[in-house]
Amino acid sequence: MHDELKKKAGWAALKYVTSGTIIGVGTGSTISYFIDALASMKHEIIGAVSSSETSSARLQAYGIPVMDLNDVNILSLYVDGADEINKQLQMIKGGGAALTREKIIAAVSDCFVCVVDSSKQVDTLGRVPLPVEVIPMARAYVARQLIRLGGRPEYRQNVVTDNGNIILDVYHLNMSHPIQLEKSINALTGVVTVGLFAHRGADVALIGRAQGVQVITKTTQNSDNIIFYSDA
């Protein structure tokens, strides 16, 4: 059932793709469906910037050019998933260990569309652990600092990021002030970045449900009429 909801959300994001542009593409199972959808109009776009080697390989298998972000002047759209997303469109990401590249692409994109199934929508972030990408020699130091912040960090065994770093998954953090928490963790020496996307959250959330796709935007997130369903 979850796969069908992911597919609905992934295909719904195709409506935000503009011909003649370069598309930022994230990582994960829902994004795999978006890449499938993107392949249906691959001749209408210039190419894609990808956040992971896995997504790059899938794009290239479809014949979609994968470009270096340093060679791109404008990135109007970024489509990615999330491990959790709240009503303010703030997210926890990094379950696939691609959080740093995802955060970079999100930072330079004009519009960030998050595609998820309904199980990823939460009232308060923190049901899943918070990934933190760390330079290997700083692992123990950063873990001690995360404990001081109230968390319980666990080293993700046998995982090396595309950047050659390691991941600490942090449990039991207080997420009541996610923007401040994001700043505090990013400020720790040895941290590359944290998988808390609060300062730069999504602009649009497409949430796959049995009835269709729920659309939430930042400008209308508190309105009763923001929810509508359509065939994805």
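In this report, the structure presented in the accompanying data block is examined. Everything quoted here is computed from the prediction, not taken from an experiment.

1. Considerations on the sheet that holds strand 12 (residues 204–209)
Here comes step 1: The six strands lie next to each other as 2-1-3-6-12-13, forming an open sheet whose pairing is mixed. In the strand order of this sheet, the two ends are held by strand 2 (47–50) and strand 13 (212–217), each with one partner. Strand-to-strand twist in this sheet, taken as the mean axis angle between neighbours without regard to direction, amounts to 25 degrees.
Here comes step 2: The strands touched by helix 2 (residues 29–39) are strand 1 (22–25), strand 3 (77–80) and strand 6 (111–117); relative to strand 1, the strand with the most contacts, the crossing angle is about 160 degrees.

2. Quick word on unusual backbone geometry
Here comes step 1: For alanine 97, which is not glycine, the phi dihedral falls at a positive 70 degrees.
Here comes step 2: Considering the arrangement of structural elements, one finds alanine 97 in the loop between strand 5 (91–92) and helix 4 (99–108).
Here comes step 3: Not every positive phi belongs to a glycine, and asparagine 158 is a case in point at roughly 60 degrees.
Here comes step 4: Residue asparagine 158 is classed as exposed on the basis of its relative accessible area of 76%.

3. Structural notes on the pattern of salt bridges
Here comes step 1: Counted according to the given criterion, the structure contains ten salt bridges.
Here comes step 2: Here aspartate 36 makes a salt bridge to arginine 58, at a shortest N to O gap of 3.0 Å. Placement of aspartate 36 in helix 2 and of arginine 58 in helix 3 (residues 53–61) is noted, with a sequence separation of 22 residues between them.
Here comes step 3: Overall, arginine 58 belongs to the partly exposed group, its relative accessible area being 32%.
Here comes step 4: Between lysine 93 and glutamate 102 there is a salt bridge; the shortest N-O distance is 3.3 Å. The pair lysine 93 / glutamate 102 is uniform in exposure class, with both members buried.
Here comes step 5: Sharing partners across several salt bridges, the network here consists of Asp80, Lys93 and Glu102.

What counts, and where the lines are drawn
- Residues numbered from 1 in each chain as written.
- Predicted model: local features only at pLDDT ≥ 70, side-chain atom pairs only at ≥ 80, totals over all residues.
- Heavy atoms only, no water.
- Pairing = 2+ DSSP bridges.
- Helix = DSSP H or I, 4+ residues; strand = E, 2+ residues; numbered from the N terminus.
- Axes fitted to C-alpha atoms, helices over the stretch in contact; angles between N-to-C directions.
- Contact = heavy atoms within 4.5 Å.
- Buried < 20%, exposed > 50% of the residue type's maximum accessible area, 1.4 Å probe, protein only.
- Salt bridge = Lys/Arg side-chain N within 4 Å of Asp/Glu carboxyl O.

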